[in-house]
Amino acid sequence: MRRPRLPRTRAGQRRLLQAVMAGCVLALLPATWMYTVTGDRLRTTADVPRTDVAVVFGAGLWDGEPSPYLAHRLDAAAQLYRAGRIKVVLVTGDNSREDYDEPDAMRAYLTRHGVPGGRIVSDYAGFDTWDSCVRAKKIFGVDRAVLISQGFHIRRAVALCQAAGVRSYGIGVQDKHDITWYYGGTREVLAAGKAALDAVFHPDPRFLGPKEAGVSKALASAR
């Protein structure tokens with residue numbers, strides 16, 4: 001294969017530089033959009049507004065148990081529940097095959113950490129962030145929520161849930177900056193583009209299904 005040749009004329013070099021700069025600007029636009037729409041929506045477990053529902057996004061299982069990253073998200077949800085800042089936890093994750101069940105693993109972890117089973121609602125079709133946000137709104141009737149994820153993901157989660165009609169605050173839990181953290185941060189740069197398209201075109205989730213009363217029933221029992 002021939003190596004691409006750089007332009008030799010100043011005009012050609014200038015056009016190449018302009019094209020590269022335009023490409024960089026376009027690549028950064030989705031991330032800029034996310035930071036703009038979530039600028040005042042990020043909180044901590046100590047200062048997040050009291051909200052009926054918290055949404056915890058799946059983040060993988062290790063031997064059937066929540067991965068360390070997912071466990072930290074669930075710890076934050078349990079902390080909010082014990083502090084009386086939330087009433088119900090909606091756990092949303094992947095259960096696309098019999099041997100992989102994020103929501104049930106998340107439920108079991110939360111119950112071991114003090115959240116009653118009756119206050120936990122499971123979404124088994126949260127295959128990605130957009131699907132989880134749309135299903136929270138359309139299937140579970142969530143209008144306002146605290147979203148819990150890692151810091152590198154939380155802005156995208158808030159931006160997408162806001163676009164889906166869920167008025168959201170986000171808590172980005174802290175983790176050590178290991179290879180997984182850096183991978184997640186790098187992935188978010190690419191995922192921002194898809195997020196912007198989802199927010200504009202509002203595609204249907206992979207699976208929608210009928211409405212469920214799990215959240216409303218859990219809230220009724222909490223009153």
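Residues numbered from 1 in each chain as written. Predicted model: local features only at pLDDT ≥ 70, side-chain atom pairs only at ≥ 80, totals over all residues. Heavy atoms only, no water.

Looking now at the packing of aromatic side chains. Any aromatic ring pair is given by two values, namely how distant the centres are and how the planes are angled relative to each other. Taken as a whole and assessed by the stated rule, the structure comprises one aromatic pair. Seen from their ring centres, Tyr69 and Phe152 are 6.3 Å apart, and the 40° between their planes marks the pair as tilted. Here Tyr69 is found in helix 2 (residues 68-82), whereas its partner Phe152 is found in helix 5 (residues 151-163), with 83 residues between them in sequence. In terms of burial, Tyr69 and Phe152 fall into one category: buried. The ring of Tyr169 has Arg41 lying over it, and the distance from NZ or CZ to the ring centre is 4.1 Å. A cation over a ring is seen here: Arg206 above Phe127, with NZ or CZ 4.2 Å from the ring centre. (Phe/Tyr/Trp six-rings, centres within 6.5 Å; stacked < 30°, edge-to-face > 60°. Helix = DSSP H or I, 4+ residues; strand = E, 2+ residues; numbered from the N terminus. Buried < 20%, exposed > 50% of the residue type's maximum accessible area, 1.4 Å probe, protein only. Lys NZ or Arg CZ within 6 Å of the ring centre and 35° of its normal.)

With respect to the helices and strands, the residue Arg155 is situated in helix 5. One buried charged residue, Arg155, remains without a salt bridge, the closest side chain of opposite sign being Asp40 at 8.3 Å. A polar atom in the side chain of Arg155 sits 2.9 Å from the side chain of Thr38. Residue contacts for Arg155: discarding those within four places in its chain leaves Met34, Tyr35, Thr38, Gly39 and Leu42. (Lys, Arg positive; Asp, Glu negative; His and termini not counted. Salt bridge = Lys/Arg side-chain N within 4 Å of Asp/Glu carboxyl O. Polar contact = N/O pair within 3.5 Å; in protein donor to acceptor, adjacent residues only side chain to side chain. Contact = heavy atoms within 4.5 Å.)

With that settled, consider the sheet that holds strand 6 (residues 120-123). Pairing is parallel in the open sheet, where six strands are placed in the order 1-8-7-2-5-6. Two strands in the sheet have a free side with no partner beyond their single neighbour: strand 1 (42-43) and strand 6. Of the pairings in the sheet, the one linking strand 7 (residues 144-150) to strand 8 (residues 167-173) comprises seven bridges and is parallel in character. Bridge pairing in strand 8 places Ile148 opposite Ile171. (Pairing = 2+ DSSP bridges.)

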